[in-house]
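Residue strings, one per chain:
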Amino acid sequence: MPIIEAKNLTYTYPGGTEPAIKNVSLTIEKGDFVILTGPSGCGKTTLCRCFNGLIPHFYAGRLEGELSVARLNVIERPIYEMARHVGLVFQNPENQLFALSVEKDVAFGLENLGLPRDQIRERVDWALQMTGIEELRERAPHELSGGQQQRVAIACVLAMQPEVMVLDEPTSFLDPLGAQKIFEVVSELNRKLGVTVILVEHRLDLASKHANHVIIMNERTIVLDDEPQEVFDSESARLIGVGIPKATKLWVMLRQNGVRLGRAPVNPEEAVQLLRGVLQRDRS
Amino acid sequence: MIEVKGVCFAYPTGVEALKEVSLEIRDGDFVAIMGSNGAGKTTLVKHFNGLLKPASGEVFVDGVSTRSVSTASLAREVGFVFQNPDHQLFCETVEEEVAYALKNFGFEEGIVKSRVTWALNLLGLTQYRQTSPFMLSGGERKRLALASVLAWDPQVVVLDEPTIGQDYEQKEKLRQFIVQLNAQGKTVVVVTHDVEFVADCGPRIVLMAEGKIVADGDAKEILTNKELTFKASIVPPQMTQIFVGLADFGLPTDVINVHEARRILLGFLKEEEKP
Ligand SMILES: Nc1ncnc2c1ncn2[C@@H]1O[C@H](COP(=O)(O)OP(=O)(O)OP(=O)(O)O)[C@@H](O)[C@H]1O
Ligand SMILES: Nc1ncnc2c1ncn2[C@@H]1O[C@H](COP(=O)(O)OP(=O)(O)OP(=O)(O)O)[C@@H](O)[C@H]1O
Ligand SMILES: [Mg+2]
Ligand SMILES: [Mg+2]
């Protein structure tokens, strides 16, 4: 069952001379884990802002086409109603945080949902724990390091456990173990609760193993929409300059030298398996 | 070039961000500072151009203590790009943003013009000359922050998370440029979590944890050390992970980049074929 459907979405920011996204059409199924990637400036953040109604309700400008998210027509429904179904982690965490303490920031959305006190407490504790910032709960968000701020921004959305979670480069400030942990938590919500995930990410190395669907944008529109292996192995992805995982890159380079390894690996574990096969064959 | 001697620093809130840190960065060094979130990396590098002054200890830039000079006078020599570009951008147009410091430092008009053109081209922003910095995408804003500092060609560049928000191609361009800068004798300091970027550059790595420096050595030595990487919340490069998984075939495990990986694997497969 599709949870997001866009038809010919075109949007121009106020004062913009050209559309920031053009003719975007896509279907995302409930429970999908989607990686949305493409060169800097291609329109990823703009598309994310459409999913939760920031566009067209907060950013004015001109939006054409159709968009339904979680059975709601985004163009007609107000932001507060979309917020019950769609959570967005901003690309720049500083723009998302405003409360006087970490704890208050994370509780804010839950209070708006009207959840009972003890449930709010429980969700806040859980989200702080998942993002590894329990000791920072009393601290002011603007007095934290970049990565700590980003953890707060993620905790805010995790706590809401929305039906659709949109994460715009959520780990750009995180240390690699922290990033891995966040991808695992999000992946678990995806698998266990069926949360639909849309993750904007350049470093496919880290995230690709959790995804079942990859969308690549270029020059403000969608140019590839497929399963991870198909996309990473495709010539067009490389031409656009999408950074394929290093494990896949090794596979491509070895293939150029005549070493056949079967299907393209998207992570080191898969590469190890394939290489072990070849090395063993070679040995016997 | 930069000498940090027993520096302690605490924020007004009482957080002790640096505890007795000592470090020497020589003229022409290429250093990557890595470590967990909150380890004190940004706090440390803000001492390099006097943005922060030590509570105790001393920081010397080119032999002069940062206590005795203003940040403005250090700025020309030590170019600093903030982790978050929003802390740095304030002009009306992209072009003015890049020209601002150049004009301030008294470059003549012709040079300002040609440096602006050069920097915008390097960072792929030429099409946005007349655009407001606040109408750029996240990655574009970061590149503008980089452009506005690289434009005046400082002797030392300190880049806090330069690859944030950059796609593969931009990152590769930036990497080649940084390597070239360093080859020309400039001192380069990058703060980064981007392991693959570091593996491709192969600089000296300074590892921080909880306000202290816990290791200092070359990229290969540090990135393939399991205990150290874990301590600094680093996931080893993909190539290291792969070669650790193949260790029982007698292959080396200290491999960090993909070209090296290919060479070793091809060599190994050929050798096995011979007899
Ligand atoms: N607030 C804004 N006002 C006007 N134009 C904007 C605004 N934000 C972005 N743009 C423009 O819209 C286009 C798409 O930007 P967007 O932020 O969606 O890109 P992106 O794919 O998220 O890039 P990045 O990877 O760098 O974050 C860019 O050309 C950008 O300059
Ligand atoms: N403005 C501030 N006021 C108070 N404390 C701060 C401030 N900025 C940072 N800190 C604290 O100082 C410590 C070091 O922060 P710093 O920003 O140097 O870390 P970092 O290593 O750069 O981390 P990151 O990888 O997340 O950017 C952290 O515990 C952080 O919470
Ligand atoms: Mg973006
Ligand atoms: Mg920092």
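Residues numbered from 1 in each chain as written. Chains lettered and ligands numbered in written order. Predicted model: local features only at pLDDT ≥ 70, side-chain atom pairs only at ≥ 80, totals over all residues. Heavy atoms only, no water.

Participant: Which parts of the structure should I look at to understand the sheet that holds strand β1 (residues 2-12) of chain A?
Facilitator: What holds strands together in a sheet is hydrogen bonding between their backbones, with the strands either parallel or antiparallel. Residues and elements named next belong to chain A. Read from one edge to the other, the open sheet built from four strands follows the order β2-β1-β4-β5, with strand pairing classed as antiparallel. The sheet is open, and its two borders are formed by β2 (21-29) and β5 (72-73), each paired with just one other strand. Bridge count for strand β4 (residues 62-69) against β5 is two bridges, and the pairing is antiparallel. If you follow V69 over to β5, its bridge partner there is L72. Helix-sheet contacts for helix α1 (residues 44-51) involve β1, β2 and β4, and the interaxial angle to β2 is about 60°. (Pairing = 2+ DSSP bridges. Helix = DSSP H or I, 4+ residues; strand = E, 2+ residues; numbered from the N terminus. Contact = heavy atoms within 4.5 Å. Axes fitted to C-alpha atoms, helices over the stretch in contact; angles between N-to-C directions.)

Participant: What is the right way to read the packing of helix α11 (residues 246-256) of chain A against helix α10 (residues 238-245) of chain B from this model?
Facilitator: Angle between the axes and distance between the axes: these two values describe a pair of packed helices. Between α11 of chain A and α10 of chain B, the least distance of the axes is 9 Å, while the angle of their chain directions is 70°. As judged from the angle between their axes, α11 of chain A and α10 of chain B are roughly perpendicular. Contact residues: α11 of chain A offers K246, A247 and L250 of chain A, while α10 of chain B offers Q238, M239 and I242 of chain B. For the contact of α11 of chain A with α10 of chain B, the residue count by class is four nonpolar, one polar and one charged. (Parallel < 35°, antiparallel > 145°, perpendicular 65-115°, else oblique. Nonpolar A, V, L, I, M, F, W, Y, C, P; charged D, E, K, R; others polar.)

Participant: Explain the coordination of the magnesium ion (ligand 3) here, please?
Facilitator: Each angle at a metal carrying four tetrahedral donors should ideally be 109.5 degrees, and each at a metal carrying six octahedral donors should ideally be 90 or 180 degrees. Residues and elements named next belong to chain A. Binding of the magnesium ion (ligand 3) to the protein goes through T45 (OG1) and Q91 (OE1), at separations of 1.9 to 2.2 Å. Of this pair, T45 sits in helix α1 while Q91 is found in the loop between β6 (86-89) and α4 (102-113), placing the two residues 46 residues apart along the sequence. Take Q91: its relative accessible area is 17%, and that puts it in the buried class. (Donors = N, O, S within 2.8 Å, 3.2 Å for Na, K, Ca; no water. Buried < 20%, exposed > 50% of the residue type's maximum accessible area, 1.4 Å probe, protein only.)

Participant: What exactly am I supposed to notice about the coordination of the magnesium ion (ligand 4) here?
Facilitator: Residues and elements named next belong to chain B. Only T42 (OG1) and Q83 (OE1) from the protein reach the magnesium ion (ligand 4) as donors, at distances of 2.0 to 2.3 Å. Here Q83 lies in the loop between β6 (78-81) and α3 (94-104) and T42 lies in helix α1 (residues 41-45), a separation of 41 residues in the sequence. What makes T42 partly exposed here is its relative accessible area of 21%.

Participant: What is the right way to read the domain arrangement of chain B from this model?
Facilitator: A common way to report how large an interface is uses the accessible area buried once the components associate. All names here are of chain B. According to the domain assignment, chain B consists of domain 1 (1-70 + 187-234) and domain 2 (237-275). Contacts between the two partners involve eight residues from domain 1 and, on the opposite side, nine residues from domain 2. Summing the contributions of domain 1 and of domain 2, the shared interface buries around 700 Å²; its carbon and sulfur component is 64%. Viewed at the interface, domain 2 and domain 1 are joined by one salt bridge. For E260, the salt bridge identified is with K220, shortest N-O distance 2.4 Å. Among the secondary structure elements, those contributing two or more residues to the side of domain 1 that touches domain 2 are α7 (195-201) and α8 (219-223). Looking at which element gives the most residues to the side of domain 1 that touches domain 2, the answer is α7, with four residues. In terms of residue class, the side of domain 1 that touches domain 2 is made up of four nonpolar, one polar and three charged. (Domains from an automatic or database assignment. Buried area = accessible area lost by both parts, 1.4 Å probe. Salt bridge = Lys/Arg side-chain N within 4 Å of Asp/Glu carboxyl O.)

Participant: I keep staring at the environment of L125 of chain B and nothing clicks. Help me out?
Facilitator: Residues and elements named next belong to chain B. For L125, the position within the fold is in the loop between α4 (109-122) and α5 (138-150). The spacing of L125 and V149 is 24 residues in sequence and 14 Å in space, taken between C-alpha atoms. Each residue touching L125, except ones within four places of it in the same chain, is listed here: L120, E140, R143 and L144.

Participant: In this structure, what is going on with the site of ligand 1? I would like to understand it.
Facilitator: Inspection of the region around ligand 1 gives 22 residues, with S40, T45, T46 and R220 of chain A together with S137 of chain B positioned closest. With respect to ligand 1, the chains having nearby residues are chains A and B. Here S137 of chain B contributes a side-chain N or O atom positioned 2.6 Å from an oxygen atom of ligand 1. Between ligand 1 and G139 of chain B, the relevant distance is 2.8 Å, taken from an oxygen atom to a main-chain nitrogen or oxygen of the residue. Burial of ligand 1 by the surrounding chains reaches 92%, relative to a free accessible area of 640 Å². At the level of secondary structure, the elements contributing two or more residues to the shell around ligand 1 comprise α1 of chain A together with α5 of chain B. If you tally residues by element for the shell around ligand 1, the top one is α1 of chain A, at four residues. Looking at the shell around ligand 1, its residues break down into seven nonpolar, ten polar and five charged. (Near = heavy atom within 4 Å. Polar contact = N/O pair within 3.5 Å; in protein donor to acceptor, adjacent residues only side chain to side chain. Areas by Shrake-Rupley, 256 points an atom, 1.4 Å probe, with all protein chains shown as cover.)

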